[in-house]
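Examination of the molecular architecture
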Protein chains: 2
Amino acid sequence: MHRQLYDKLRGEILAGHLKSDTRLPPTRLMAEDLGVSRNTVITTYDALLAEGYLESRSGSGTWVATLPADAVAARNLVGSAGAPSLSSRGTRMANQPRDRTIPDHIAFHPGYPEIKGFPFSAWARLLKRHARYSHEDLYGYHWVAGLPRLQAAIADYLRGSRGVECNPEQVLVVNGAQAALDILARMLVDEGDVCWLEEPGYIGAQNAMLSAGARLVPLPVGPEGWSLDDEARPSPRLIFVTPSCQWPLGCVMRMEDRLRLLQIAERHDAWIVEDDYDSEYRFRGRPIPAMQGLDKSGRVIYLGTFAKTLFPSLRIGFIIVPPQLADGFKRVASNTGHCPSLLLQAALADFISEGYFATHLRRMRRLYAERQKLFVALCRHHLADWLTIEENDAGMQLVARFTRAFEDEALWQSAQRHGVDFSPLSRQFFSSPPQQGAILGYAGIDLKAMREAIISLRAAFVNLDSECASDQLPKSALPPRS
Amino acid sequence: MHRQLYDKLRGEILAGHLKSDTRLPPTRLMAEDLGVSRNTVITTYDALLAEGYLESRSGSGTWVATLPADAVAARNLVGSAGAPSLSSRGTRMANQPRDRTIPDHIAFHPGYPEIKGFPFSAWARLLKRHARYSHEDLYGYHWVAGLPRLQAAIADYLRGSRGVECNPEQVLVVNGAQAALDILARMLVDEGDVCWLEEPGYIGAQNAMLSAGARLVPLPVGPEGWSLDDEARPSPRLIFVTPSCQWPLGCVMRMEDRLRLLQIAERHDAWIVEDDYDSEYRFRGRPIPAMQGLDKSGRVIYLGTFAKTLFPSLRIGFIIVPPQLADGFKRVASNTGHCPSLLLQAALADFISEGYFATHLRRMRRLYAERQKLFVALCRHHLADWLTIEENDAGMQLVARFTRAFEDEALWQSAQRHGVDFSPLSRQFFSSPPQQGAILGYAGIDLKAMREAIISLRAAFVNLDSECASDQLPKSALPPRS
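These figures come from a predicted structure and were not determined experimentally.

**Section: the environment of Lys308(A)**
Here Lys308(A) lies in the loop between strand S9 (300–305) and strand S10 (317–320). With 133 residues separating them in the primary sequence, Lys308(A) and Gly441(A) have C-alpha atoms 12 Å apart. Excluding anything up to four places from it in sequence, Lys308(A) contacts Gly111(A), Pro113(A), Tyr277(A), Asp278(A), Tyr281(A), Met396(A) and Tyr141(B). A polar contact of 2.7 Å, which involves the side chain of Lys308(A), links it to the side chain of Tyr141(B).

Here is the structure:
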């Protein structure tokens with residue numbers, strides 16, 4: 001009742017029907033008139049008084065406040081004006097592509113790790129441990145650069161397993177790898193600066209650099225490696241690379257090219273951003289150490305994520321920043337709001353220091369190696385008419401090339417209708433005429449789901465074939481030739 | 001052993017001591033020479049082969065690879081060059097102030113809610129529920145705009161309690177209020193655009209706008225309200241306000257001023273960002289509905305946070321975006337990495353829909369009202385020589401003014417040494433000569449801690465008094481006059 005009366009009176013005042021400086025009836029009379037309790041009227045008057053719709057004048061009751069008549073009138077005409085437009089930057093940011101996912105469908109979206117095999121009971125126990133009150137600092141505004149125990153655990157892991165040179169103070173824990181790119185792009189690049197990005201290359205890095213106003217220049221990558229020789233390219237301010245497992249091709253940058261790239265960066269006084277997003281999954285031989293450990297000048301900024309080693313929706317990533325910039329980056333993490341929840345950081349720190357992380361990694365490495373073999377075998381068996389696919393030493397996805405001239409976006413549309421996802425290779429190109437192909441993630445699905453999804457993908461290809469065939473027929477199609 | 005040998009050989013190659021095209025001894029000989037197992041040598045050679053330091057030549061053993069001599073040499077000189085500099089934007093961002101916290105000290109940092117009284121056992125149960133495997137979509141890359149159940153819960157709450165007009169698709173769940181500001185500043189403002197910000201006003205909003213390149217123009221606020229009449233101010237692109245409980249003064253914008261502000265925004269075709277950061281805590285009367293519900297043109301963008309109603313390190317906030325911009329903002333949330341963990345979102349959605357949120361809010365509203373009364377009484381009893389303080393109808397902090405000409409930063413230094421924190425009022429000014437005062441958060445500490453901290457603050461004032469007194473003495477001080 002109170003709400004109804006409140007909305008009614010407020011509406012009448014805002015519409016200009018109850019005019020400024022009108023005296024309202026005393027609460028008792030209003031209550032009698034409306035057949036409601038006097039308390040309802042008193043509560044309503046009080047609310048409207050507090051908000052300034054009404055005024056109390058001493059000795060003479062309650063009045064409609066003097067509201068600016070033109071503003072009241074303007075408000076009632078305001079719908080026509082409509083909202084302002086976004087900034088130019090905002091328009092650019094709002095129109096960038098993003099790699100969509102399909103609810104309920106994991107296969108074959110790249111980058112999905114195995115979820116069901118995650119040690120959830122240990123994880124739940126660790127979370128519960130920190131979900132109870134332990135220490136005030138875990139709930140407030142502390143540790144904007146990261147929970148110190150997690151910074152230390154990450155530094156230890158990276159020194160031991162990835163050859164990264166760092167101390168815990170250099171570890172900036174952020175809300176996922178995309179947050180890391182969002183920070184780095186703004187910190188290292190001004191509007192109009194040139195960035196060399198791998199092509200094909202990571203769409204998330206493209207987006208972050210474009211959002212920061214960078215001019216993208218392709219650094220071509222093929223199965224044989226990175227094309228570093230082109231001196232015709234404009235001088236870069238930042239070079240983005242995935243040297244340990246190139247996204248999406250999966251190749252590894254050889255030592256010769258790493259040294260060459262450091263030399264190029266030095267010559268141009270450019271930063272190198274090294275995205276080490278899934279280098280943990282190397283199936284043959286020892287993982288390749290990070291470039292960061294080769295660099296002596298502090299120009300290589302390393303970033304990594306737990307999206308592939310734990311799961312994507314955890315949203316915890318990290319940047320290894322040069323020591324002299326650690327304080328500045330800490331401010332920026334705080335001022336951009338890119339710090340992840342301390343509860344998750346505490347649970348993750350325990351997950352690493354109590355050995356669950358290393359065990360899970362070992363298990364996943366074995367599992368993904370098996371799944372890759374099976375996946376390639378199944379693709380060759382069922383899809384050989386449409387695509388070729390090769391095994392790779394590393395990563396969680398493979399690039400399949402088409403045997404005929406298909407548009408990968410058309411295949412994606414068709415696959416989506418069959419409940420299967422993948423990432424079209426053409427989306428990873430931003431300047432050159434794109435190559436066509438399918439980036440297929442195989443790590444997150446078991447044999448049964450894999451087999452079913454491959455059959456669905458086959459159906460998508462068959463559909464596409466028949467669409468292409470019908471496109472080539474004249475409109476008044478003759479019966480098929482015998 | 002393997003690691004030592006690996007480091008040794010790699011170091012020799014990179015230092016140029018082991019030259020390109022040198023043949024290494026066969027593994028058996030190397031193992032005998034060094035007194036290690038042959039397997040150790042084989043593993044080491046394999047690793048260096050994989051990384052491109054060594055080459056295997058068929059029939060003639062293992063060789064040091066042909067690395068670019070100039071790059072090897074350059075690397076060894078590289079330390080001298082040093083790292084590149086940050087971008088101009090990065091330098092600006094890295095040098096912005098941030099409101100620091102002191103580990104182990106909550107009193108009287110503003111914005112801290114009561115932590116110990118949080119229903120942790122319910123929270124732990126809800127987290128555990130979602131920390132086990134339930135549905136694939138909770139772990140992957142889905143729901144970048146927010147978990148649909150949480151979007152719906154927030155929309156319901158805002159419609160019912162805050163008078164916000166929205167549907168669930170307009171709710172963008174982001175990594176805290178600062179993330180919301182970081183997104184909004186970039187989406188709505190271009191470099192050089194004018195933003196009106198309240199002065200004194202929220203430092204986080206200042207930082208976000210400056211990071212986006214905005215030109216800040218003060219919108220003065222005093223105890224009597226907002227100064228909206230100054231037509232001499234440059235035309236704004238965005239107006240940032242906290243109308244329901246002004247930060248830091250705690251005043252409420254009256255209806256007349258809300259309409260006037262909407263009219264001004266309309267005239268300049270400007271956005272209004274309404275930060276409703278702690279309006280839930282209103283101790284007398286009904287909470288004032290949000291401005292967003294008054295606006296018909298879609299120019300008011302509402303943002304809120306769970307930092308004050310649950311706890312800050314949860315890091316979940318939200319933006320209510322105009323319907324036609326929902327898709328663009330969703331892309332931007334995804335491309336900037338501002339999406340919070342889905343696990344926390346799932347637990348929070350249950351926390352709201354199962355009634356814990358409403359119960360906790362009611363309890364905290366009562367508790368903070370009591371604490372405010374106690375706090376004001378204690379301050380008046382112990383600190384009347386140094387400051388004046390008034391009760392307020394709302395919020396989690398009060399602004400105390402000094403009775404004498406103190407520098408609030410000097411008091412802050414002194415207070416910090418006594419283990420007490422607060423926010424200097426002068427930090428909330430960005431253009432005008434700052435006013436001096438102390439923003440004192442009282443919500444997060446119980447009576448005992450409050451009393452102790454007030455005694456410590458008293459000691460900090462006494463210290464400051466004696467420092468001021470000694471500053472006024474000549475260097476060769478005479479004994480104090482009797």
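Picking up after the structure, the text goes on.
**Digging into the relation of the copies chain A and chain B**
In the superposition of chain A on chain B (RMSD 0.1 Å, axial shift 0.0 Å), the rotation amounts to 180°. Such a combination of rotation and displacement between the chain copies is what one expects of a two-fold axis. By residue overlap, the copies meet face to face through one surface: 100% of the interface positions of chain A are interface positions in chain B.

**Regarding the packing of helix H8 (residues 177–188) of chain B against helix H11 (residues 326–336) of chain B**
Helix-helix packing is described using two parameters, namely the angle between the two axes and the distance between the axes. All names here are of chain B. Taken N-terminus to C-terminus, the directions of H8 and H11 make an angle of 120°; their axes are 11 Å apart at the nearest point. By the angle between their axes, H8 is oblique relative to H11. For H8 against H11, the interelement crossing comes out right-handed. Mapping the contact onto sequence places Ile183, Leu184, Arg186 and Met187 in H8 and Phe329, Val332, Ala333 and Thr336 in H11. Tallied by class, residues from the contact of H8 with H11 come to six nonpolar, one polar and one charged.

**What to know about the packing of aromatic side chains**
According to the stated counting rule, one finds 46 aromatic pairs over all chains in the structure shown. The ring centre of Trp412(A) lies 4.4 Å from the NZ or CZ of Arg427(A), which sits over that ring.

**Things to note about the interface of chain A and chain B**
Across the boundary between the two partners, chain A contributes 127 residues, which contact 129 residues of chain B. Across the chain A to chain B interface the summed buried area is about 11400 Å²; carbon plus sulfur atoms make up 56%. Between Asp182(A) and Arg186(B) there is a salt bridge, and its shortest N-O distance comes to 2.8 Å. Linking chain A with chain B are 48 residue pairs in polar contact (both at pLDDT 80 or more), by the criterion used here.

**Some remarks on the pairing of strand S8 (residues 271–275) of chain B**
Residues and elements named next belong to chain B. Among the five residues that make up S8, five are buried, leaving the element largely enclosed by the rest of the structure. Residues Trp271, Val273 and Asp275 line one face of S8 and the alternating positions Ile272 and Glu274 line the opposite face, and both faces are buried. Pairing between strand S7 (residues 238–241) and S8: four bridges, direction parallel. Residue pairing across strands places Phe240 opposite Val273, the latter belonging to S8. As paired elements, S8 and strand S9 (residues 300–305) share four bridges and run parallel to each other. Along S9, the bridge assignment pairs Asp275 with Leu303.

**Focus on unusual backbone geometry**
Of note, the bond from Glu199(A) into Pro200(A) is cis; its omega dihedral lies within 30 degrees of zero at -5°. Positionally, Pro200(A) belongs in the loop between strand S4 (194–199) and helix H9 (203–211). Of note, the amide linkage connecting Trp247(B) to Pro248(B) takes the cis form, showing an omega dihedral of 0°. As for its placement among the helices and strands, Pro248(B) is situated in the loop between S7 and helix H10 (255–268). Within the chain, Asp21(A) stands out as a residue other than glycine whose phi angle is a positive 65°. Even without being a glycine, Asp269(A) presents a positive backbone phi close to 55°. Along the chain, the position of Asp269(A) falls in the loop between helix H10 (255–268) and strand S8 (271–275).

**Some thoughts on a positive patch on the surface**
On the surface, Lys128(A), Arg132(A), Lys128(B) and Arg132(B) cluster together into a positively charged patch. Relative to the helices and strands, Arg132(B) is located in the loop between helix H6 (120–131) and helix H7 (148–162). By relative accessible area, which is 36% here, Arg132(B) ends up partly exposed.

**Description of the sheet that holds S4(A)**
Residue and element names in this part refer to chain A. As summarised here, the arrangement of the eight strands in space is S3-S10-S9-S8-S7-S4-S5-S6, forming an open sheet in which the pairing is mixed. Each of the sheet's edge strands pairs with one partner strand only, and the pair in question is strand S3 (171–174) and strand S6 (225–226). In the packing of H9 onto the sheet, contacts are made with S4, strand S5 (215–222) and strand S7 (238–241), and the angle to S4 comes to roughly 165°.

**Overview of the sheet that holds strand S13 (residues 423–424) of chain A**
Two modes of strand pairing occur in sheets, parallel and antiparallel, and in both the strands are linked by backbone hydrogen bonds. Residues and elements named next belong to chain A. In space, the four strands of this open sheet follow the order S11-S12-S14-S13, with antiparallel pairing throughout. Strands with a single pairing partner mark the edges of an open sheet, and in this sheet they are strand S11 (387–388) and S13. Strand direction decides the pairing type here: S13 and strand S14 (residues 438–441), joined by two bridges, are antiparallel. Of the residues in S14, the one forming a bridge with Pro424 is Ala438. Where helix H13 (residues 356–383) meets the sheet, it contacts S11, strand S12 (397–402) and S14, and its direction lies at approximately 20° from that of S12.

Cut-off values and rules
Residues numbered from 1 in each chain as written. Chains lettered and ligands numbered in written order. Predicted model: local features only at pLDDT ≥ 70, side-chain atom pairs only at ≥ 80, totals over all residues. Heavy atoms only, no water. Helix = DSSP H or I, 4+ residues; strand = E, 2+ residues; numbered from the N terminus. Contact = heavy atoms within 4.5 Å. Polar contact = N/O pair within 3.5 Å; in protein donor to acceptor, adjacent residues only side chain to side chain. Least-squares fit on C-alpha atoms with pLDDT ≥ 70 in both. Axes fitted to C-alpha atoms, helices over the stretch in contact; angles between N-to-C directions. Parallel < 35°, antiparallel > 145°, perpendicular 65-115°, else oblique. Left-handed = near helix turned anticlockwise from the far one by under 90°. Nonpolar A, V, L, I, M, F, W, Y, C, P; charged D, E, K, R; others polar. Phe/Tyr/Trp six-rings, centres within 6.5 Å; stacked < 30°, edge-to-face > 60°. Lys NZ or Arg CZ within 6 Å of the ring centre and 35° of its normal. Buried area = accessible area lost by both parts, 1.4 Å probe. Salt bridge = Lys/Arg side-chain N within 4 Å of Asp/Glu carboxyl O. Buried < 20%, exposed > 50% of the residue type's maximum accessible area, 1.4 Å probe, protein only. Pairing = 2+ DSSP bridges. Patch = residues over 30% accessible without salt bridge, like charges linked within 9 Å, V, L, I, M, F, W, Y side chains within 5 Å. Areas by Shrake-Rupley, 256 points an atom, 1.4 Å probe, with all protein chains shown as cover. Lys, Arg positive; Asp, Glu negative; His and termini not counted. Charge placed at Lys NZ, Arg CZ, Asp CG, Glu CD.

Worth remembering: the numbers are spatial, not functional.
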